[in-house]
Amino acid sequence: MSISFDELNNIQMDVLREIGNIGAGNAVTSLAKMIDKKVDMAVPEVKIMGFDKVSQILGGEEILVVGILLNVTGDLTGNMMFILDINAARKLVNILLGSNDETNLDFNELELSALKEIGNILTASYLSALAGLTNLKILPSVPELAIDMAGAILSVPAIEFGKVGDSVLYIETEFSEGITKVFGDFLLIPDVESYEVLLRALGVIE
Amino acid sequence: MDIEIIKVGMADLNSSRHPCMLTTLGLGSCVGVALYDSTSKVAGLAHVMLPSSEQAKNNSNIAKFADTAIVKLVDDMIKLGARKDRIVAKLAGGAQMFVFNQSSDLMRIGYRNVVASKEKLKLLNIPVISEDTGGNYGRTIELYSDDGRLMIKTIGFGIKQI
């Protein structure tokens, strides 16, 4: 048996939202430590949407974004993606490496590995919060990074999801740092079977 | 002359009579299958996500799969006045956006989408006259009904026409 997204009730949606909240909260705490600044976070949104809407979530299919993708194995299987607007990525790298040119959107080797490290730390803290909360074994792969159009980046997890359904469930989180607005989205995309595992571990279904 | 601009989304397809421009934005691992009949000037475009409807648990959306989408697109174009023996194909997309060490199915999906699209077109006797596939970058494509040209726009690799 697997759960259809159309059948998720309000309580189950609330629980998924709360998972997003705690996972992202953990990640944001790690980020604040890393850049030594206070980071604010908006309440995560849980969205079920059709493929035609998928790439519009960041403001259009052609918007330049940084995508960090990893595979999840263990009790929970699927993908996790962290997406960052290109300007936000530049600001983050500048904060980390102490530079101040905000117009340069070409990243050199050092800056790229800094971005990768940010993605690594954020996704790992997100997943460790989720593992702690559910007692599930969650094993993340080493994340890979790509910089390209939002539609192209999002096509990778969307295709994986497309094998089983026509709509996608995104747990979307935005965060910001002071007047330097930095925001990004976490997309936790478990395989369809894993939703049941997740909701069962959280005691929402029998 | 004003031309109608028709946007084709992910796992979607559309076709139209002249004058029109069919476009799909931000193709990654998906494949854009552009079909054109130069006599009737009927154009069709599909944004294919997966190679085969037969391996899928849920195959209700026929526009999603190479095998079913191409058949539907050809049928739609014939209804608009195209003739099957005049239709030619151009392909774009099928990139590998992320380079993982292990070559899992997820990572090879772009390549498999291209292969499946070509197989289906061959079965239907529709020649692939040009393609811009593979690589590790996204593409926005535009198919024009006046001459069937396919414009391909990328972020780091400029614009080209096939």
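Cut-offs applied
- Residues numbered from 1 in each chain as written.
- Chains lettered and ligands numbered in written order.
- Predicted model: local features only at pLDDT ≥ 70, side-chain atom pairs only at ≥ 80, totals over all residues.
- Heavy atoms only, no water.
- Helix = DSSP H or I, 4+ residues; strand = E, 2+ residues; numbered from the N terminus.
- Buried < 20%, exposed > 50% of the residue type's maximum accessible area, 1.4 Å probe, protein only.
- Contact = heavy atoms within 4.5 Å.
- pLDDT = per-residue confidence, 0-100.
- Phe/Tyr/Trp six-rings, centres within 6.5 Å; stacked < 30°, edge-to-face > 60°.
- Lys NZ or Arg CZ within 6 Å of the ring centre and 35° of its normal.
- Buried area = accessible area lost by both parts, 1.4 Å probe.
- Salt bridge = Lys/Arg side-chain N within 4 Å of Asp/Glu carboxyl O.
- Expected span 1.5 Å × (residues − 1).
- Pairing = 2+ DSSP bridges.
- Axes fitted to C-alpha atoms, helices over the stretch in contact; angles between N-to-C directions.
- Core = buried A, V, L, I, M, F, W, Y, C linked by side-chain atoms within 4.5 Å.
- Polar contact = N/O pair within 3.5 Å; in protein donor to acceptor, adjacent residues only side chain to side chain.

**Some remarks on the overall build of chain A**
Okay, so step 1: Helix and strand counts for chain A come out as 6 helices and 9 strands.
Okay, so step 2: Here chain A holds 206 residues, and 55% of them are scored as buried.
Okay, so step 3: Looking at chain A alone, contacts between residues at least 24 apart form 73% of all its contacts between residues at least 6 apart.

**Describing the confidence of the model for chain A**
Okay, so step 1: Averaged over every residue, the pLDDT of chain A is 78; the share at 70 or more is 86%.
Okay, so step 2: Model confidence for chain A, summarised as mean pLDDT per element, is weakest for helix α2 (residues 51–54) of chain A at 65 and strongest for strand β6 (residues 144–149) of chain A at 92.

**Details of the packing of aromatic side chains**
What describes a pair of aromatic rings is the distance from one ring centre to the other and the angle between the planes of the rings.
Okay, so step 1: Tallied over the entire structure, the rule returns 1 aromatic pair over all chains.
Okay, so step 2: Across from the ring centre of Y144 of chain B, 4.1 Å away, lies the NZ or CZ of R149 of chain B, which sits over that ring.

**Some points on the interface of chain B and chain A**
Okay, so step 1: Facing the 34 residues of chain B at the interface are 32 residues of chain A.
Okay, so step 2: With both chains or domains summed, chain B and chain A bury close to 2,700 Å², and 65% of this area falls on carbon and sulfur atoms.
Okay, so step 3: Inspection of the region where chain B meets chain A yields 1 salt bridge.
Okay, so step 4: With a closest N to O distance of 3.1 Å, E61 of chain A and K7 of chain B form a salt bridge.

**Quick notes on helix α5 (residues 150–162) of chain A**
Residues and elements named next belong to chain A.
Okay, so step 1: Spanning 13 residues, α5 covers 17 Å between terminal C-alpha atoms, matching the ideal 18 Å at 1.5 Å per step.
Okay, so step 2: Within α5, 12 of the 13 residues are buried, which leaves it mostly tucked inside the rest of the structure.
Okay, so step 3: Listed in full, the buried residues belonging to α5 are A150, G151, A152, I153, L154, S155, V156, P157, A158, I159, F161 and G162.

**Remarks on the sheet that holds strand β4 (residues 31–37) of chain B**
Hydrogen bonding along the main chain pairs the strands of a sheet, whether they run parallel or antiparallel.
Residues and elements named next belong to chain B.
Okay, so step 1: What the 5 strands build is an open sheet, ordered β2-β5-β4-β6-β7; its pairing is mixed. The open sheet is flanked by β2 (12–16) and β7 (128–133), the only strands paired with a single partner. Mean inter-strand twist for the sheet, computed between neighbouring axes without regard to direction, equals 10°.
Okay, so step 2: Taken together, the 5 bridges between strand β6 (residues 87–93) and β7 define a ladder with parallel strand orientation. Within β7, the position partnered with G93 by the bridge is T133.
Okay, so step 3: Against the sheet, helix α1 (residues 66–79) contacts β2, β4, β5 (42–48) and β6, and its axis sits at roughly 165° relative to β5.

**Regarding the sheet that holds strand β3 (residues 20–27) of chain B**
Residues and elements named next belong to chain B.
Okay, so step 1: With mixed pairing, 5 strands are arranged side by side in an open sheet as β1-β3-β8-β9-β10. Bordering the open sheet on either side are β1 (4–7) and β10 (159–161), each of which pairs with just one other strand. The sheet shows a mean angle of 20° between the axes of neighbouring strands, direction not considered.
Okay, so step 2: Sheet topology places strand β9 (residues 150–153) next to β10; 3 bridges connect them, and they run antiparallel. Bridge assignment links I152 to a residue of β10, and that residue is K160.

**Some thoughts on the nonpolar core**
Okay, so step 1: Membership of the largest hydrophobic core comes to 63 residues, with the highest contact counts inside it found for L115 and F186 of chain A.
Okay, so step 2: At 10 residues, the largest contribution of residues to this core is made by helix α1 (residues 10–35) of chain A.
Okay, so step 3: The residues contacting L115 of chain A, other than those within four sequence positions of it, are V66, I68, L84, A89, V93, F107 and L145 of chain A.
Okay, so step 4: Residues L22, C30, Y36 and L150 of chain B belong to the second largest nonpolar core, which totals 25 residues.

**Structural notes on the side chain of D132 of chain B**
Residues and elements named next belong to chain B.
Okay, so step 1: Topologically, D132 is positioned in strand β7.
Okay, so step 2: Judged by relative accessible area, D132 falls into the buried class, the value being 7%.
Okay, so step 3: At 2.9 Å, the side chain of D132 and the side chain of R139 are in polar contact.
Okay, so step 4: With sequence-adjacent residues up to four places away left out, D132 is seen in contact with L91, A92, G93, Y137, R139, I152, K160 and I162.

**Describing the pattern of salt bridges**
Okay, so step 1: Enumeration over the complete set of coordinates arrives at 12 salt bridges over all chains.
Okay, so step 2: Residue E144 of chain A pairs with K116 of chain A through a salt bridge whose shortest N-O separation is 3.9 Å. Of this pair, E144 of chain A sits in strand β6 while K116 of chain A sits in helix α4 (residues 109–134), and the two are 28 residues apart along the sequence.
Okay, so step 3: The class for E144 of chain A is buried, based on a relative accessible area of 16%.
Okay, so step 4: Across the pair D146 of chain B and R149 of chain B runs a salt bridge whose closest N-O atoms are separated by 2.8 Å.
Okay, so step 5: Overall, the relative accessible area of 21% leaves R149 of chain B in the partly exposed class.
Okay, so step 6: Here the salt bridges share partners, and the residues they tie into one network are D132, R139 and K160 of chain B.

**Here we look at α4 of chain A**
Okay, so step 1: Given a rise of 1.5 Å per residue, 26 residues ought to cover 38 Å, and the 37 Å separating the end C-alpha atoms of α4 of chain A matches this to within 8%.
Okay, so step 2: Between the side-chain oxygen at the start of α4 of chain A and the backbone nitrogen of L110 of chain A there is a gap of 3.1 Å, and the oxygen is on N108 of chain A.

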